[in-house]
Amino acid sequence: MEGSRLCVLLTIFLFIAKTMVSGKTIPTTLEGPFQPVTQLFDSSLRRGSDDLPMDNSRLKRNVTGMFPEQIALAISSPTSMWVSWVTGDAQIGSNVTALDPSSVASEVWYGKESGKYAYKGKGNATVYSQLYPFEGLLNYTSGIIHHVRIDGLEPGTKYYYKCGDSSLPAMSEEHIFETLSLPGPNSYPSRIAVIGDLGLTSNSSTTFDHLTENDPSLILMVGDLTYANQYLTTGGKGVPSYSHAFPDAPIRETYQPRWDGWQRFMEPLISRVPMMVIEGNHEIEEQVAGITFKSYLTRFAVPAEESGSNSNFFYSFDAGGVHFVMLGAYVDYNSTGAQYAWLKKDLNQVDRNVTPWLVAAWHPPWYNSYSSHYQEFECMRLEMESLLYQYGVDIVFSGHVHAYERMNRVYNYTLDPCGPVYITVGDGGNIEKVDVDHADDPGKCPSPGDNLPEIGGVCHLNFSSGPAKGKFCWDRQPEWSAFRESSFGHGILEVVNSTYALWTWHRNQDIYKEDSAGDQIYIVRRPELCTASTSLKGNNVTQQGAQTNQRAAISANWTWVMSLIIMILMAF
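Residues numbered from 1 in each chain as written. Predicted model: local features only at pLDDT ≥ 70, side-chain atom pairs only at ≥ 80, totals over all residues. Heavy atoms only, no water.

Draft legend 1. Expanded view of the overall build of the protein chain. Counting its regular elements, the protein chain contains eight helices and 28 strands. Working note: accessible area of the protein chain is about 22800 Å², and carbon and sulfur atoms make up 52% of it. (Helix = DSSP H or I, 4+ residues; strand = E, 2+ residues; numbered from the N terminus. Areas by Shrake-Rupley, 256 points an atom, 1.4 Å probe, with all protein chains shown as cover.)

Draft legend 2. Structural context of the sheet that holds strand β7 (residues 124–126). Read from one edge to the other, the open sheet built from four strands follows the order β2-β3-β10-β7, with strand pairing classed as antiparallel. Every other strand in the sheet has two partners, leaving β2 (69–77) and β7 as the edge strands with one partner each. Taking the axes of each pair of neighbouring strands and ignoring which way they run, one obtains an average angle of 20° across the sheet. Inspection of the sheet shows β2 paired to strand β3 (residues 80–87) by six bridges, in the antiparallel sense. Across the sheet, Ile75 pairs through a bridge with Met81, a residue of β3. (Pairing = 2+ DSSP bridges. Axes fitted to C-alpha atoms, helices over the stretch in contact; angles between N-to-C directions.)

Draft legend 3. Seen up close, the packing of helix α2 (residues 202–213) against helix α3 (residues 257–270). Close contact between α2 and α3 brings their axes to 11 Å; oriented N to C, the two are set at 10°. Judged by the inter-axis angle, α2 sits roughly parallel to α3. Residues Ser204, Ser205, Phe208, Leu211 and Thr212 of α2 lie in contact with α3, whose contacting residues are Phe265, Met266 and Leu269. Taken together, the residues of the contact of α2 with α3 sort by class into five nonpolar, three polar and no charged. (Parallel < 35°, antiparallel > 145°, perpendicular 65-115°, else oblique. Contact = heavy atoms within 4.5 Å. Nonpolar A, V, L, I, M, F, W, Y, C, P; charged D, E, K, R; others polar.)

Draft legend 4. Molecular detail of the sheet that holds strand β17 (residues 315–319). Strand order in this open sheet of eight strands is β1-β25-β21-β24-β20-β19-β18-β17, and the pairing throughout is mixed. If you trace the sheet from one side to the other, it starts and ends with β1 (37–39) and β17, each paired once. Direction aside, the axes of adjacent strands within the sheet are offset by 15° on average. Across five bridges, strand β18 (residues 322–326) lies against strand β19 (residues 357–361) in parallel orientation. Note that in β19 the partner of Met326 across the bridge is Ala361. Here helix α5 (residues 338–349) sits on the sheet and contacts β17, β18 and β19; the angle it forms with β18, its principal contact strand, is near 180°.

Draft legend 5. Expanded view of the environment of Gln263. If you trace the backbone, Gln263 turns up in helix α3. Spatially, the C-alpha atom of Gln263 lies 8.8 Å from that of Thr226, the residues being 37 residues apart in sequence. Leave out the neighbours within four places in its chain, and Gln263 touches Gln70, Arg299 and Phe300.

Draft legend 6. Looking closely at unusual backbone geometry. Residue Pro33 is reached from Gly32 by a cis peptide bond, and omega for that bond is 5°. Structurally, Pro33 is set in the loop between α1 (2–22) and β1. The step from Leu168 to Pro169 runs through a cis peptide bond, and the omega angle for that step is -10°. Mapped onto the elements, Pro169 comes out in the loop between β11 (158–165) and β12 (170–171). Unusually for a residue other than glycine, Tyr227 sits at a positive phi of about 60°. Take Tyr227: it is sitting in the loop between β15 (218–221) and α3. Tyr227 gets classed as buried once you look at its relative accessible area, which sits at 2%. Of note in the backbone geometry, Glu285 takes a positive phi value of approximately 45° without being a glycine. (Buried < 20%, exposed > 50% of the residue type's maximum accessible area, 1.4 Å probe, protein only.)

Draft legend 7. Geometry of the environment of His506. Along the polypeptide, His506 turns up in strand β27 (residues 500–507). Put simply, His506 and Gly489 are 17 residues apart on the chain and 5.5 Å apart in space, counted from C-alpha to C-alpha. Other than its neighbours up to four places away in sequence, His506 contacts His210, Asn214, Phe488, Gly489, His490, Ile492 and Ser516.

Draft legend 8. Representation of the layout of surface pockets in the model. Here the second largest pocket is characterised by a volume of approximately 370 Å³. Taken together, 19 residues make up the lining of the second largest pocket; nearest its centre are Asn62, Val63, Pro68, Glu69 and Glu267. Of all elements in the fold, only β2 and α3 reach the threshold of two or more residues within the lining of the second largest pocket. A per-element tally of the lining of the second largest pocket places α3 first, with four residues. Across the lining of the second largest pocket, the residue classes break down as eight nonpolar, four polar and seven charged. (1 Å grid on protein atoms, 1.4 Å probe; cavity = no way out; pocket = protein on both sides within 12 Å on 5 of 7 lines; lining within 4 Å. Points joined across faces, edges and corners; volume = space filled by probe spheres on them.)

Draft legend 9. Region of interest: the packing of aromatic side chains. Enumeration according to the criterion identifies 30 aromatic pairs in this entry. Members of the aromatic cluster, each reached through a chain of ring pairs, are Trp362, Trp366, Tyr367, Tyr413, Tyr422, Phe463, Trp474 and Trp480. Against the face of Trp109 rests Lys120, its NZ or CZ located 4.3 Å from the ring centre. Over the ring of Trp357 we find Arg525, and its NZ or CZ is 5.9 Å from the ring centre. (Phe/Tyr/Trp six-rings, centres within 6.5 Å; stacked < 30°, edge-to-face > 60°. Lys NZ or Arg CZ within 6 Å of the ring centre and 35° of its normal.)

Draft legend 10. Inspection of the state of the cysteines at higher detail. Here the structure, examined in full by the defined rule, presents three disulfides. Paired by a disulfide, Cys379 and Cys459 hold their sulfur atoms 2.0 Å apart. In this structure, the disulfide formed by Cys379 and Cys459 twists by about 95° around the S-S bond and is classed as right-handed. Within this pair, whereas Cys379 is found in helix α6 (residues 378–390), its partner Cys459 is found in the loop between β24 (421–425) and β25 (481–485), the two being separated by 80 residues in sequence. Sequence-ordered numbering of the bonded cysteines in the protein chain gives a pairing of 1-4, 2-6, 3-5. (Disulfide = S-S within 2.5 Å.)

Draft legend 11. Representation of α5 within the structure. Spanning 12 residues, α5 covers 17 Å between terminal C-alpha atoms, matching the ideal 16 Å at 1.5 Å per step. Within α5, the full set of buried residues consists of Gln339, Tyr340, Trp342, Leu343, Asp346 and Leu347. Along α5, the residues classed as buried sweep out an arc of 160° about the axis, all on the same side. In α5, the exposed residues that point more than 90 degrees away from the buried face are Ala338, Lys345, Asn348 and Gln349. Packed against the buried residues of α5 are β17, β18, β19 and α6. (Expected span 1.5 Å × (residues − 1). Arc of directions from axis to C-beta.)

The quantities given are spatial measurements derived from coordinates; they are silent on function.
Structural data, given as structure tokens:
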């Protein structure tokens, strides 16, 4: 216990020291809403880069036989973890034969000491196929995919583990992970990485390396992972599928070996840090008989059953004092559907005294001032936004748009001190290049017929109030858009306590610059103003918040310091 308190003290001390030494004052959301700022694309940088080839050393298969590879972790519950991996050779060609999942066992050995595995877990194995009944398209069947749930884990504890089949024998090398703290208002993951639209390019490599250097304890991957359906097809390098030569084919082929390459690419990090994923449009991957999302649904273990959703498309989990809600934009999100009913029940069960922070994530953003995907998911926003506002969601992360944007607190396109902070981080580095056009730039406003979602309805609208009243696009950066920049990168969320969290967006071009940030702000919860009950008051809360905002901003710069000092005293 004493060691734990000293660790907390040291962390807090370093946190204060780092901010003091930097000599700059980090703004807080209490000072908002901020005047909109646009950082234009740096023309000295490339807008994109080529895909890594399959023979790249980070993508190649480096094991033989039935030895495990593509090892990954995901949170199951505060005391359990999913361990996933792949064994055997995937096949691609016109005729493929699936491997037998029962031919190899699914075992995880784990313990608190290196080389000493006091516990053993067993799970299940499966394979999947991606099939195209059209001449010239390549079929695929996966290696054997294993998922094992290991239980009885102690919080804040380092575990050593191996996975595989001990009877062959074919066990992996030893790996290490550290569990997160139990849900509670005084303990949080040290660094939560947020990344979207990563892909598998040279830019993706820079993003991944930069992310690894920032040493996260949890990763949120907000959709569009591999771009397997874009491999060798973007930028005039091919027709809309990997191998066929007729561009009017009824199905867009995806090159499934990219999934294997991507998971090998990610393994050095996600074999020791849990990664929580949610689907994006590039995971749809339609195949024979209209089957979709087969890769996504088979390869990743998520706490669907544990959170009561029973669907990999939407689920929730706790990480210390943060409750995360992962939502699906490419399945039914209507207020009469299963996802909405589950979401309402899940939010109603959240105890903000135990998990003060409430964070949501899904792939396509609701608030977006770029031309790309502008107002694409208005239907989802209209169905769900009021529910998230009612329950006081603090932060929303999305991807889809290949750039960075952070919003002022907003609800229903109106500045609102009780609205969530929406952040778009679809700038992971994929093959489709960075987005640079804004909907408010001259001649860049999309038409209402553009930006149609792959799945779901179309609800494009003209604004009914404010400076853009009666228009489809603003003629300047919208007031709800606080900061936007066209660069590749990733974000890190550091929750300090029950009211303060530091958000930092790291640009790829800053990887070699110490203490450099593309965007940084303290996101401050205001439970005394924005509780679930007061949020229901809508405009009355907005008016009250506006009146108190100026007064709160005066003390904002030192409030977080006092909070940290209190935490130090509490630690002793």
